[in-house]
Amino acid sequence: MATFALKSFTGLRQSPTDQITFVSNVPSSLSRSQRRTSLKVTASRASPKLANRSLRVAVIGGGPAGGAAAETLAQGGIETILIERKMDNCKPCGGAIPLCMVGEFNLPLDIIDRRVTKMKMISPSNIAVDIGRTLKEHEYIGMVRREVLDQYLRERAEKSGATVINGLFLKMDLPEEWDSPYVLHYTEYDGKTGATGQKKTMEVDAVIGADGANSRVAKSIGAGDYDYAIAFQERIRIPDDKMTYYEDLAEMYVGDDVSPDFYGWVFPKCDHVAVGTGTVTHKGDIKKFQLATRNRAKDKILGGKIIRVEAHPIPEHPRPRRLSKRVALVGDAAGYVTKCSGEGIYFAAKSGRMCAEAIVEGSQNGKKMIDESDLRKYLEKWDKTYLPTYRVLDVLQKVFYRSNPAREAFVEMCGDEYVQKMTFDSYLYKRVAPGSPLEDLKLAVNTIGSVFRANALRREIEKLNV
């Protein structure tokens, strides 16, 4: 069996938070009236045209956020440099992507390992509810391996004109004047200098921080810390007959045994399954929760061999600050992972593209310098489009992940076709689906009934244990 030592994660808070906040870059020391005044964004100064060159933008990080940003920038006439340390990065990620991402980002079907059309939601008492009855014939959830998806997006950015550097970003010197360059310090690995690499610097006009939860770009601009969950995942190669069971099926397990505040999962990949769990509140017990997840699925993964063990922090809410002057954060670096589901791939790619589009527009396709007001358009568009989704999922997590009776009610509620339709419409197409008032009322009544029944079940179990 593979062994794995959990590393510490710097720059992240340990304690959980009860609130999602999207805030502007306003110092907390200001009075209320000063805050109100400082929130007014003045019109961008007449940015000068760049003489004999294009705008230079560095993208730090080559995951979905960085790849999507670099491609959009390069296509928009920007001189683009993408820096990524691990070109074979295998982030411990469930790897689920919504259907809309396939179309929006023109993803080839051969990078999608599985098309999941059925899911099982399994309660603390092992009651399984089948989900997926409302899916249309063409609808599915795509399962990808991050090392495959990330490489594809980076290569596509390179074909569009971006320069991709295998390097480790170290720090950056901030400009003294509003239009002076940022000086980036990084180590480049070219296969000639060995493992130590070569220390280099470069000057750029703007920076997109797509370097994940432990973002050094975020640290460079004082973006602040955020609470995080730890995700732990094992890739397990199982016998062919058992792999057939997971051909188009994914499983999600809820209960105090697999996680006190999240869920466990079994997601199918090309020739193996990804088995994992996560938690915010009990990080020290993550291996115990992982063992419980494997035990819950043991009959279906019996005879499997662990081929890879992975762990990674997952942001619980956006950073206090997501941009500063000509530097903006996207993806995990900005904190764009949803509560309840823990989804981040689509939001990473989407934020990277949105940020790059704002730079292309503000610079008039690389011909002019940009300033903070140009990047703020990206934040305003992001918050307007996706803040409702984050709020809804935050509420769901607080209501249904707080206790086993609540989780029993949640699983029972998932059996309702109306709930399934609303859930899949929202997930697959990334919008908060409008509901029917009558169906919403019936759902509220049924939810209350589910909670009462789950509490009654808990009391009966406690009697048996006395």
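Note: the structure precedes this text.
Attention in this report is confined to the structure presented alongside it.

So, how was this worked out
- Residues numbered from 1 in each chain as written.
- Predicted model: local features only at pLDDT ≥ 70, side-chain atom pairs only at ≥ 80, totals over all residues.
- Heavy atoms only, no water.
- Pairing = 2+ DSSP bridges.
- Helix = DSSP H or I, 4+ residues; strand = E, 2+ residues; numbered from the N terminus.
- Buried < 20%, exposed > 50% of the residue type's maximum accessible area, 1.4 Å probe, protein only.
- Contact = heavy atoms within 4.5 Å.
- Polar contact = N/O pair within 3.5 Å; in protein donor to acceptor, adjacent residues only side chain to side chain.
- Axes fitted to C-alpha atoms, helices over the stretch in contact; angles between N-to-C directions.
- Salt bridge = Lys/Arg side-chain N within 4 Å of Asp/Glu carboxyl O.
- Expected span 1.5 Å × (residues − 1).
- Phe/Tyr/Trp six-rings, centres within 6.5 Å; stacked < 30°, edge-to-face > 60°.
- Lys NZ or Arg CZ within 6 Å of the ring centre and 35° of its normal.

Strand order across the open sheet formed by three strands is E3-E7-E4, with antiparallel pairing between neighbours. Strand pairing shows two members of the sheet lacking a second neighbour, strand E3 (96–97) and strand E4 (114–116), which therefore form its edges. Direction of pairing for E4 relative to strand E7 (residues 141–143): antiparallel, over a ladder of three bridges. Following the sheet pairing, arginine 115 is matched in E7 by glycine 142.

Our next topic: the pairing of strand E15 (residues 273–279). The element E15 is extensively covered by neighbouring structure, given that seven of its seven residues are classed as buried. Neither face of E15 is left uncovered, since the one carrying Val273, Val275, Thr277 and Thr279 and the one carrying Ala274, Gly276 and Gly278 both have all their residues buried. By the bridge criterion, seven bridges tie strand E12 (residues 228–237) to E15 in an arrangement that is antiparallel. Note on E15: the bridge partner recorded for alanine 231 is glycine 278. Sheet analysis places strand E14 (residues 259–268) next to E15, joined by four bridges and oriented antiparallel. Note on E15: the bridge partner recorded for tryptophan 265 is glycine 276. Between E14 and E15, which pair antiparallel in sequence order, lie four residues.

Attention now goes to the environment of arginine 156. Along the chain, arginine 156 turns up in helix H4 (residues 146–159). Put simply, arginine 156 and alanine 70 are 86 residues apart on the chain and 9.1 Å apart in space, counted from C-alpha to C-alpha. When sequence neighbours within four positions are dropped, the list of residues in contact with arginine 156 reads Glu71, Phe105 and Asn106. A polar contact of 3.1 Å, which involves the side chain of arginine 156, links it to the backbone oxygen of asparagine 106.

Attention shifts here to the sheet that holds strand E16 (residues 305–315). Paired through their backbone hydrogen bonds, the strands of a sheet run either parallel or antiparallel. Across the sheet, which stays open at both edges, the seven strands sit in the order E6-E5-E13-E14-E15-E12-E16 with mixed pairing between neighbours. Among the strands making up the open sheet, the edge pair consists of strand E6 (128–131) and E16. Here the average twist between neighbouring strands, direction ignored, is 15 degrees.

Turning next to the pattern of salt bridges. Evaluation of the coordinates by the stated rule reveals 22 salt bridges. The closest approach of N and O atoms between lysine 350 and glutamate 104, which form a salt bridge, is 2.7 Å. Of this pair, lysine 350 sits in helix H10 (residues 345–362) while glutamate 104 is found in helix H3 (residues 99–104), placing the two residues 246 residues apart along the sequence. Residue class for glutamate 104 comes out partly exposed when judged on its relative accessible area of 29%. One salt bridge connects lysine 200 with glutamate 188, and the closest N-O pair in it is separated by 2.7 Å. Taken together, the positions of lysine 200 in strand E10 (residues 198–204) and glutamate 188 in strand E9 (residues 182–188) put the pair twelve residues apart, joining distant regions of the chain. Among the residues examined, lysine 200 registers a relative accessible area of 31% and is labelled partly exposed. Residue class for glutamate 188 comes out buried when judged on its relative accessible area of 17%. One network of salt bridges, in which partners are shared, links Glu147, Arg235, Arg308 and Glu310.

With that settled, the discussion passes to helix H2 (residues 64–75). The α-helix winds at 3.6 residues per turn, so residues separated by three or four positions along the chain end up facing the same way. Taking 1.5 Å of rise per residue, the twelve residues of H2 would be expected to cover 16 Å, and the 17 Å separating its terminal C-alpha atoms lies within 8% of that figure. Where burial is concerned, most of H2 is hidden: eleven out of the twelve residues are buried. Buried within H2 are the following residues: Pro64, Ala65, Gly66, Gly67, Ala68, Ala69, Ala70, Glu71, Thr72, Leu73 and Ala74. The inward-facing, buried residues of H2 contact strand E1 (56–60), strand E2 (79–84), H4, strand E11 (206–209), helix H9 (331–334) and H10. Glycine 77 sits one or two positions beyond H2 and adopts a positive phi of about 90 degrees.

Relative to the assigned elements, aspartate 425 resides in helix H13 (residues 417–429). With relative accessibility at 12%, the residue aspartate 425 sits in the buried group.

As a further point, take the packing of aromatic side chains. On inspection of all chains with the given rule, the structure shows eleven aromatic pairs. Centroid distance tyrosine 346 to tyrosine 386: 6.5 Å. Interplanar angle 80 degrees. Geometry classified as edge-to-face. Separated by 40 residues along the polypeptide, tyrosine 346 in helix H10 and tyrosine 386 in helix H11 (residues 372–400) bring together distant segments of the chain. With relative accessibility at 3%, the residue tyrosine 386 sits in the buried group. On the numbers, 4.6 Å between centres and 50 degrees between planes, the contact of tryptophan 382 with tyrosine 386 is tilted. You can see tryptophan 382 and its partner tyrosine 386 sitting in helix H11, four residues apart, about one turn around the helix. By the burial criterion, tryptophan 382 is buried, and tyrosine 386 matches it. By the ring-pair criterion, three or more aromatic residues cluster together here, those being Phe105, Tyr336, Tyr346, Phe347, Trp382 and Tyr386. Against the face of phenylalanine 105 rests arginine 353, its NZ or CZ located 4.0 Å from the ring centre.

As far as function goes, none of this settles anything; it's purely spatial.
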